[in-house]
Every structure is written in C-alpha cells, then in structure tokens.
Amino acid sequence: MLTMSKTAWTNYHSHTHYCDGTDSAEAYAKAAIAQNVAIYGFSTHSPVPFENAWSIKEADVASYINEVNAVKEAYQDRLEVYLSMEVDFVPGLTSIHDPKINSLGLDYTVGSVHYVEKFADGKRFEIDYTHSYFDKGIAEIFNGDAQKCVTRYYELTRQMLTEAKPDILGHLDKIKMHNKDKPHFLETDGWYRDAIMETLELIAKSGVIMEVNTRGMYKKLSSEPYPSAWILKEANALGIPVMINSDSHVPREITGQFEAAAEIVLNAGYKEVRIFRDHNWQNKPLTPKGILL
Ligand SMILES: [Zn+2]
Ligand SMILES: [Zn+2]
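Residues numbered from 1 in each chain as written. Chains lettered and ligands numbered in written order. Predicted model: local features only at pLDDT ≥ 70, side-chain atom pairs only at ≥ 80, totals over all residues. Heavy atoms only, no water.

(A) Seen up close, the coordination of the zinc ion (ligand 2). Those donors, His 13 (NE2), His 15 (NE2), Glu 86 (OE) and Asp 247 (OD), are the protein atoms that reach the zinc ion (ligand 2), and they lie 2.1 to 2.2 Å from it. Bound by 4 donor atoms, the zinc ion (ligand 2) shows angles of 82 to 169° at the metal and therefore irregular coordination geometry. Sequence spacing among the residues donating to the zinc ion (ligand 2) works out to H-x1-H-x70-E-x160-D. A residue is classified by how much of its surface remains accessible, and His 13, at 0% relative accessible area, is buried. (Donors = N, O, S within 2.8 Å, 3.2 Å for Na, K, Ca; no water. Tetrahedral: all angles 85-135°; square planar, octahedral: opposite > 155°, others 65-115°. Buried < 20%, exposed > 50% of the residue type's maximum accessible area, 1.4 Å probe, protein only.)

In structure tokens, the structure reads:
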C-alpha cells in the first residue's frame, strides 16, 4: 500500500489544568485528534519564583510530566505528543537556563515575555492581563508613556533571544492585545517598526522559530495573529521559520482560527511551516486547510 501524505495540523503551544488551562492532558489529546491535529505539544507555564495566578506550581511539575508521558504512550498510534513548557523570561529570576527547568528533559521550549518591570510595591507587571490593569501599569510604572512600556517589552524579548534562546519564540507582539479599541500606539509608528525590525533581525540570526499564535484572534483581542501580517511578510523576507500555534487553554481552542492564520501566513509569502516530528525539526508545505505531513 502506498503511504499517502495527509493534510493535518500541528500545535506546539498549549496549556492544561496544571497552569491556567481547564482540562487534563488526555482531554486535550482527544480534542486534538477530533480537530485533525497529528502532532501536539503540551507547554504549561513554567514555575516562577514569585506568586502569580497562572503558572504551574513547583510541586506539581513531576505529576505534569507523568501525565503528559502517560498520554504520549497511550495515544502514540493516533497522536504524536511532546512535553514542553512555555518558559518565562524574567532577567535574573527565570529563563530556560534555570537548572530546575533545564533538568526536566523537555522535548523543546517555548520562550515568552509576560513580565515588564514591576510596581512600586514590588509586584511584577504582566502584559497579558486586563486592559484596565495594563493602563494602571503604564500610568504607575511608565509615567503614562505606553511607548516606554512597549519598547521595554521588545528589549526584553531581544535579551531573551540573546541570553536564553528557546526553540520557539512565543507570541512576538502579544502586547498589541491592548491596542484594539484604545490604541496606545500605531504599528506604523517609526519607533514601533524599528523595535520590530531590530527584533526580527535577531530572530533571523538566532535561528529561533517564530510562532504564529492565534489566541488573540479567537479571543477577539485582535483581527490578526501574533505577530501581525506585515511582520510576517518582513519575517519571510528574512528567512525566519514559522509555525502556527493556538496557545489553547480549553480543548475547543486547539485549532482556533488556524485556517485564517494559514491564509495570512501564505499571503505573507511562506510556502512551508516548521514542524517537530520524530524529534526532528523539519519544514512541511502549508495549505489553507492544513500542513501536508
Ligand atoms: Zn504566553
Ligand atoms: Zn501560552
């Protein structure tokens, strides 16, 4: 019998009840199969050395690994499963080089910046919470200057790419989630373009994969993925590899807005996406209905 190539999706950025997701690893595996996903990576928010509402607790890491490994085994004939973490980059506090993360034997890492500076009371300012909380951070930490905050966010992203290079860069321009109804900046502003281009050049040099994250689209925070279509065009010109991820927190989100994202990626000039299969990074052709695996 001929081995036919098939069209399916992959997702390497996802959450479970160990962090701020809702369900067990098995529930996501079942939903992934139902949504025509062939390869699925679990990437819980890595533990951080301070209080927060959404990261896995240090004490739960061993059972997270056991649970993902059990699903890997049980579903191996239907779904290729990988173990990962979305690792926060907070200079001096945590990164992929943290020995506690380094020693876990993760199949790959997603690196993300969620924290930019801190409030006067020492609490760290996270950029992906509510709009009013974002406004409060801009007012109290950056004297009302959103440009300063956004500039700092991209500086931290570049610092991560230099000092703690993950396999996959998480949601490059997630900070724009606060920019839909009440714009703090324009993506055509010279300083913003410069911050993006400087970051893209570093990504290209580093060999890191840039994800195209659809969470802002299905959460209705943006009409475009993270990153925006214009950034994808520039990234393609620089030869930066991309992959489409949903950053799913509930099972129904696993392939949320994947077809719309595929169209944007194809329109940006990409013909292929990067996948992780049989523990190898490789490129596969992208179509509007999925990846030719
Ligand atoms: Zn994230
Ligand atoms: Zn995430």
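(B) Structural context of the coordination of the zinc ion (ligand 1). Each protein donor to the zinc ion (ligand 1) is listed here as Glu 86 (OE), His 114 (NE2) and His 171 (NE2); together their distances run 2.1 to 2.2 Å. As a motif over one chain, the donors of the zinc ion (ligand 1) read E-x27-H-x56-H. Here the zinc ion (ligand 1) and the zinc ion (ligand 2) are spaced 3.5 Å apart, linked through Glu 86, which binds each one. Here Glu 86 is found in strand 3 (residues 80–88), whereas its partner His 114 is found in the loop between strand 4 (108–112) and strand 5 (115–118), with 28 residues between them in sequence. Each member of the pair, Glu 86 as well as His 114, is classed as buried. (Helix = DSSP H or I, 4+ residues; strand = E, 2+ residues; numbered from the N terminus.)

(C) How the structure looks around the packing of helix 6 (residues 190–206) against helix 8 (residues 229–237). In contact at an axis separation of 10 Å, helix 6 and helix 8 are set at 40° when each is read in the N-to-C sense. Between helix 6 and helix 8, the crossing angle belongs to the class labelled oblique. Helix 8 is crossed by helix 6, and the crossing has right-handed handedness. Contacts between helix 6 and helix 8 involve Tyr 192, Arg 193, Ile 196, Met 197 and Leu 200 on the former and, on the latter, Trp 230, Ile 231, Glu 234 and Ala 235. Residue classes in the contact of helix 6 with helix 8 are distributed as 7 nonpolar, no polar and 2 charged. (Axes fitted to C-alpha atoms, helices over the stretch in contact; angles between N-to-C directions. Parallel < 35°, antiparallel > 145°, perpendicular 65-115°, else oblique. Left-handed = near helix turned anticlockwise from the far one by under 90°. Contact = heavy atoms within 4.5 Å. Nonpolar A, V, L, I, M, F, W, Y, C, P; charged D, E, K, R; others polar.)

(D) Quick look at the sheet that holds strand 8 (residues 209–213). Reading across the sheet, the 10 strands line up as 9-8-7-4-3-2-1-12-11-10 and stay open at both edges, with mixed pairing between neighbours. Every other strand in the sheet has two partners, leaving strand 9 (242–245) and strand 10 (272–277) as the edge strands with one partner each. When strand 3 meets strand 4, the two strands line up parallel, connected through 5 bridges. Within strand 4, the position partnered with Ser 84 by the bridge is Tyr 108. (Pairing = 2+ DSSP bridges.)

(E) Local environment of the environment of Ile 127. Mapped onto the elements of the fold, Ile 127 is located in the loop between strand 6 (124–126) and helix 4 (131–141). Here Ile 127 is in contact with Val 113, His 114, Val 116, Phe 134, Tyr 153, Lys 174, Ile 175, Met 177 and His 178, once residues within four sequence places are set aside.

(F) Structural context of the packing of aromatic side chains. With the rule as written, the count across this model stands at 20 aromatic pairs. Taking the centre distance of 4.7 Å and the plane angle of 50° together, the rings of Tyr 82 and Phe 276 count as tilted. Residue Tyr 82 is located in strand 3, and its partner Phe 276 is located in strand 10; the two are separated by 194 residues in the primary sequence. This pair shows no difference in class: Tyr 82 is buried, exactly as Phe 276 is. On the numbers, 4.6 Å between centres and 25° between planes, the contact of Phe 185 with Tyr 192 is stacked. The class of Tyr 192 is buried, set by a relative accessible area of 0%. Members of the aromatic cluster, each reached through a chain of ring pairs, are Tyr 12, Tyr 82, Tyr 108, Phe 276 and Trp 281. When the ring centre of Phe 50 is taken as reference, the NZ or CZ atom of Arg 124 above it lies at 5.4 Å. A cation over a ring is seen here: Lys 136 above Phe 119, with NZ or CZ 5.1 Å from the ring centre. (Phe/Tyr/Trp six-rings, centres within 6.5 Å; stacked < 30°, edge-to-face > 60°. Lys NZ or Arg CZ within 6 Å of the ring centre and 35° of its normal.)

(G) Broad picture of the pairing of strand 9. Side chains Val 242 and Ile 244 of strand 9 all project onto a buried face; the interleaved residues Met 243 and Asn 245 project onto the opposite face, where all are buried too. Pairing analysis gives 4 bridges linking strand 8 to strand 9, with the strands arranged parallel. Residue pairing for strand 9: Met 210 is matched across the bridge by Val 242.

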